[in-house]
Amino acid sequence: MREIALHLMDIAENSVAAEAQNICIEVHEDLQSDLLTASITDDGHGMDAETAKRVLDPFYTTRTTRKVGLGIPLLKLAAEMCEGGLSLITESGKGAKIEARFRHSHIDRMPLGDIASTYLALLVSHPQIHWVFIYQTTDKYGNVDNFEFDDTELKNELGDMPLTEPEILKFVRGLIEEGIQATATQTTGY
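Residues numbered from 1 in each chain as written. Predicted model: local features only at pLDDT ≥ 70, side-chain atom pairs only at ≥ 80, totals over all residues. Heavy atoms only, no water.

Provide a residue-level description of unusual backbone geometry, including the pertinent values.
Positive phi is not limited to glycine here, since Glu19 has a value of about 60°. Within the element layout of this structure, Glu19 appears in the loop between helix H1 (4-17) and strand S1 (22-30). Using a relative accessible area of 53% as the deciding quantity, one classes Glu19 as exposed. Of note, Asp34 is a non-glycine position whose phi angle comes to about 55°, a positive value. In this structure, Asp34 sits in the loop between S1 and strand S2 (35-42). (Helix = DSSP H or I, 4+ residues; strand = E, 2+ residues; numbered from the N terminus. Buried < 20%, exposed > 50% of the residue type's maximum accessible area, 1.4 Å probe, protein only.)

I'd like a rundown of the nonpolar core, residues and numbers included.
Counting 48 residues, the largest nonpolar core has Ile25, Phe102, Tyr119 and Trp131 as the members making the most contacts within it. With sequence-adjacent residues up to four places away left out, Phe102 is seen in contact with Ile4, Asp34, Leu35, Leu36, Leu75, Ala78, Ala79, Cys82, Gly84 and Arg109. (Core = buried A, V, L, I, M, F, W, Y, C linked by side-chain atoms within 4.5 Å. Contact = heavy atoms within 4.5 Å.)

Tell me what's going on with the pairing of strand S3 (residues 85-90), and back it up with residues and numbers.
As paired elements, S3 and strand S4 (residues 96-103) share six bridges and run antiparallel to each other. Along S4, the bridge assignment pairs Gly85 with Arg101. The loop that links S3 with its antiparallel partner S4 comprises five residues; one of these, Gly93, has a positive phi angle of about 80°. (Pairing = 2+ DSSP bridges.)

Account for the pairing of strand S5 (residues 130-138), naming residues and giving values.
Burial analysis of S5 places seven of its nine residues in the buried class, which makes it a mostly covered element. Note: S1 against S5, nine bridges, orientation parallel. Residue pairing in the sheet places Cys24 in a bridge with Val132 of S5. By the bridge criterion, seven bridges tie S5 to strand S6 (residues 144-150) in an arrangement that is antiparallel. Opposite Ile134, over in S6, you have Glu148 as the bridge partner. Linking two consecutive strands that pair antiparallel, namely S5 and S6, is a turn of five residues; a positive phi of about 95° is found at Gly142 within it.

Provide a residue-level description of the pattern of salt bridges, including the pertinent values.
Under the counting rule described, the total for this entry stands at eight salt bridges. The partner of Arg103 in a salt bridge is Asp34, with the nearest N and O atoms 3.9 Å apart. Highlighted residues: Arg103 in strand S4 and Asp34 in the loop between S1 and S2, separated in sequence by 69 residues. Ionic pairing is found between Arg101 and Glu99, a salt bridge with its closest N-O pair at 3.4 Å. (Salt bridge = Lys/Arg side-chain N within 4 Å of Asp/Glu carboxyl O.)

Account for the packing of H1 against helix H4 (residues 115-125), naming residues and giving values.
One can describe the packing of H1 onto H4 by two numbers: an axis separation of 9 Å at closest approach and a directional angle of 20°. On the basis of their axis angle, the class for H1 and H4 is roughly parallel. The chirality of how H1 crosses H4 is right-handed. For the pair H1 and H4, the contacting residues are Ala5, Leu8, Met9, Ala12 and Glu13 in the first and Ile115, Thr118, Ala121 and Leu122 in the second. Classifying every residue of the contact of H1 with H4 by side-chain character gives seven nonpolar, one polar and one charged. (Axes fitted to C-alpha atoms, helices over the stretch in contact; angles between N-to-C directions. Parallel < 35°, antiparallel > 145°, perpendicular 65-115°, else oblique. Left-handed = near helix turned anticlockwise from the far one by under 90°. Nonpolar A, V, L, I, M, F, W, Y, C, P; charged D, E, K, R; others polar.)

Run through helix H3 (residues 71-80), naming residues and quoting values.
Along H3, the residues classified as buried are Gly71, Ile72, Pro73, Leu75, Ala78 and Ala79. Buried residues along H3 sit against H1, S3 and S4.

Please provide a residue-by-residue account of the sheet that holds S2, values included.
Strands sit in the order S3-S4-S2-S1-S5-S6 across an open sheet of six strands; the sheet is mixed. Every interior strand has two partners, whereas the edge strands, S3 and S6, have only one. Between one strand axis and the next, the sheet turns through 10° on average, direction left out of account. Note that S1 and S2 share eight bridges and pair antiparallel. Along S2, the bridge assignment pairs Asp30 with Leu35. With respect to the sheet, H1 is in contact with S1, S2, S4 and S5, its orientation differing from that of S2 by roughly 15°. Set on the sheet, H3 makes contact with S3 and S4; between it and S4 the angle comes to about 30°.

Quick look at the structure:
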């Protein structure tokens, strides 16, 4: 995977497979601390201690369609190559939180990618899930800006209307893209 957004999508799909009902994806670009943090928190099945250790092994997977599980190990490797790391907090029956940290300015850090399209794809692909997307920036002076998209209000307004209606897709895409762009511009100045 060549961008962080694709890693987030892969891990979010794992959360869906773990029967999570609530999934929160957070991205924080902190220029003051020179840190990019991306995390996914869910309320799915979670993992026991043994499985949590094995999930970092690329030759372990619970899937039956392939013999390797590269998503989390590749993200861990990418983070470590950029003076960061990965943490997994989980308990069987109580969900999981995976957090990857990268030195933001590291020359080898993969780009964040199209995070708005990732959010939208997950929202539309799994409308039964309660999604919360948070994008936060901190500039070099410590000023924080935040964009949060919680799908609850949108789904309540739409009622039975599907998220895949073209006008709704266009509206939601614009809302997410504008929120992220406004937050990023506030911090970077461009």
